[in-house]
Amino acid sequence: MRVAVLAPVAWRVPPRHYGPWEQFASLLTEGLVEAEVDVTLFASGDSLTTGRLASVMPRGYEEPGPPVDAKVWECLHVSEVFERAGEFDIIHNSFDFLPLTYSSLVSTPVVTTVHGFSSEGILPVYEKYNRGTDYVAISDSDRHPKLDYAATIHHGIDTDAFALHPAPGEGLLFFGRIHPEKGTAAAIDVARRSGRPLTIAGIVADREYFETEVAPHVDGVNVSYLGPVGPDARRELLGEAHALLHLIDFEEPFGFSVVEAMASGTPVVAYRRGSMPELIGHGRDGFLVGDADEAVRAVDSVAALDRPAIRRRAVARFGRRRMVDGYLAVYRAILARAG
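Let me sum up the structure you'll find in this document. (Residues numbered from 1 in each chain as written. Predicted model: local features only at pLDDT ≥ 70, side-chain atom pairs only at ≥ 80, totals over all residues. Heavy atoms only, no water.)

## Digging into the overall build of the protein
Secondary structure assignment for the protein yields 12 helices and 13 strands. Its C-alpha radius of gyration of 20 Å places the protein within 12% of the 20 Å reference for a compact globule of 339 residues. Expressed along its principal axes, the backbone C-alpha trace of the protein runs to roughly 60 × 45 × 35 Å. Looking at the protein as a whole, 54% of its 339 residues are labelled buried. For the protein, restricting intrachain contacts to residue pairs at least 6 apart in sequence, the fraction spanning at least 24 positions comes to 63%. Element-wise, carbon and sulfur atoms account for 51% of the exposed surface of the protein, whose accessible area totals about 14,200 Å². Positive and negative side-chain charges of the protein, numbering 33 and 46 respectively, have mean locations separated by a distance of 4 Å. (Helix = DSSP H or I, 4+ residues; strand = E, 2+ residues; numbered from the N terminus. Rg over C-alpha atoms; globule rule 2.2 N^0.38 Å. Buried < 20%, exposed > 50% of the residue type's maximum accessible area, 1.4 Å probe, protein only. Contact = heavy atoms within 4.5 Å. Areas by Shrake-Rupley, 256 points an atom, 1.4 Å probe, with all protein chains shown as cover. Lys, Arg positive; Asp, Glu negative; His and termini not counted. Charge placed at Lys NZ, Arg CZ, Asp CG, Glu CD.)

## Some words on the nonpolar core
Within the largest apolar cluster, 81 residues are counted, with the highest numbers of intra-cluster contacts made by Leu32, Leu198, Leu245, Met262, Val269, Ile280 and Tyr331. Top element by residues in this core is helix 12 (residues 320–338). It accounts for 7 residues. Once residues lying within four places of it in the same chain are set aside, the contact partners of Leu245 are Leu172, Leu173, Phe174, Ala187, Val190, Ala191, Leu198, Val269 and Val299. The next biggest cluster of nonpolar side chains, apart from the first, holds 15 residues, and it includes Phe42, Met57, Val78 and Phe95. (Core = buried A, V, L, I, M, F, W, Y, C linked by side-chain atoms within 4.5 Å.)

## Structural notes on the side chain of Arg320
Position of Arg320 among the secondary structure elements: in helix 12. A distance of 2.4 Å separates the side chain of Arg320 from the side chain of Glu34, its partner in a polar contact. In contact with Arg320, other than residues within four places in its own chain, are Leu27, Glu30, Gly31, Glu34, Gly156 and Ile157. (Polar contact = N/O pair within 3.5 Å; in protein donor to acceptor, adjacent residues only side chain to side chain.)

## Things to note about helix 8 (residues 256–263)
Owing to its 3.6 residues per turn, the α-helix brings residues three or four apart onto one side. Most of helix 8 is tucked away: 8 of the 8 residues are buried. Those residues of helix 8 that sit buried are Phe256, Ser257, Val258, Val259, Glu260, Ala261, Met262 and Ala263. Directly beyond the C-terminal end of helix 8, a positive phi value near 80° is found at Gly265.

## Remarks on the packing of aromatic side chains
Taken as a whole and judged by the stated rule, the model has 10 aromatic pairs. Both rings, one in Phe42 and one in Phe88, keep their centres 5.9 Å apart while their planes meet at 80°; by these two values the pair is edge-to-face. Of this pair, Phe42 sits in strand 2 (residues 38–42) while Phe88 sits in the loop between helix 2 (70–83) and strand 4 (90–93), placing them 46 residues apart in sequence. According to the relative accessible area criterion, Phe42 is buried, its value standing at 1%. Judged by its relative accessible area of 7%, Phe88 falls in the buried class. (Phe/Tyr/Trp six-rings, centres within 6.5 Å; stacked < 30°, edge-to-face > 60°.)

## Re unusual backbone geometry
Looking along the chain, the bond that leaves Val13 and enters Pro14 is cis, with omega of -10°. As for its position among the elements, Pro14 is in the loop between strand 1 (2–6) and helix 1 (20–34). Notably, Glu36 is not glycine yet its phi reads approximately 65°, a positive angle. Within the secondary structure, Glu36 is located in the loop between helix 1 and strand 2. Relative accessible area serves as the criterion here: at 74%, Glu36 is assigned to the exposed category. Phi is positive for Asp96, close to 80°, though the residue is something other than glycine. Tracing the sequence through the fold places Asp96 in the loop between strand 4 and helix 3 (100–103).

## Let's talk about the sheet that holds strand 1
Reading across the sheet, the 7 strands line up as 3-2-1-4-5-6-7 and stay open at both edges, with parallel pairing between neighbours. Two strands close off the open sheet at either side, each with one partner strand: strand 3 (52–54) and strand 7 (151–152). By the bridge criterion, 4 bridges tie strand 1 to strand 4 in an arrangement that is parallel. In the sheet register, Leu6 faces strand 4, and the bridge partner there is Asn93. Across the sheet, helix 1 is in contact with strand 1, strand 2, strand 4 and strand 5 (110–114); its angle to strand 1 comes to roughly 165°. (Pairing = 2+ DSSP bridges. Axes fitted to C-alpha atoms, helices over the stretch in contact; angles between N-to-C directions.)

## Here we look at the pattern of salt bridges
In the structure shown here, the tally under the stated rule is 23 salt bridges. The partner of Glu34 in a salt bridge is Arg320, with the nearest N and O atoms 2.4 Å apart. Of this pair, Glu34 sits in helix 1 while Arg320 sits in helix 12, and the two are 286 residues apart along the sequence. On the basis of relative accessibility, which here comes to 55%, the residue Glu34 falls in the exposed class. Arg131 is the partner of Asp148 in a salt bridge, and the nearest nitrogen-oxygen pair spans 3.1 Å. Separated by 17 residues along the polypeptide, Asp148 in the loop between strand 6 (134–137) and strand 7 and Arg131 in the loop between helix 4 (123–128) and strand 6 bring together distant segments of the chain. (Salt bridge = Lys/Arg side-chain N within 4 Å of Asp/Glu carboxyl O.)

## Focus on the environment of Phe250
Take Phe250: it is sitting in the loop between strand 11 (243–246) and helix 8. Note on Phe250: relative accessible area 18%, which makes it buried. For Phe250 and Gly121, which are 129 residues apart along the polypeptide, the C-alpha to C-alpha distance reads 17 Å. The residues touching Phe250, leaving out its near neighbours within four places in the chain, are Arg177, Glu181, Lys182 and Arg273.

Structure follows, in structure tokens:
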């Protein structure tokens, strides 16, 4: 089987810091290679893969360097895979809706992982190509009623990259974009009311929000901000935390940091929104809460949870091989249907 994986090109694959869609593309590509699939990864030229790398641009447009026109690079990037469509049995689109507009121009089947909907405004594109391509949801909660899906496949992670910490601390962790919908300020409030220090790690996605709602509380003692962190620091931060606070203010389709925390044995306290009830076993892997008062009470309760058991469940449910097997089943079904 010859598979083309079309990654985004904002960041390198795998991302050095932030880049969840690029992270997914890397995990899928490397997992497919391990499963002895012939994979070509279409990504930025500085990307790292054990498969073949195809690139029309030297670096991601969000990476440091001279400014570039992102739309120009995206058009060149997407067109490259479709101009080479005859080389592949499957094109796996991890680039959102734009590549769908090329899909009816080629005979190669296109599978699209829908990473969520940035707005209802993009839905007409998905609706137009609903019958001619195959969509995969990353959670049941994110399935749109107007679309058909080949499957729901939760993201997998490299569970070997995370481990139980020998001596977890008393502090709390916020890990993700600094943005109102991710609940950074809510995490600060819950940590303060819980009497525990909070560490914040992630890129600033909303500068005004950071300056007004986050930065005034950062004192290096009660609240610390580390900025974006790489894989080594990520493992340590997730493992040593008393709990991960994931107090989101939107219907999040998935949460990499949530399953990574659980793969470290770290409980998660999350608002009961979006995919969180699919990912977190309430009272086993952490707690699903409805407001800040419940979150404060949950922070104290997580100490009674079995961290090794949390990790075991996460490894079983969110291992990369489980995800890859799911996608291979989708590919085979599509190829069998095509004859």
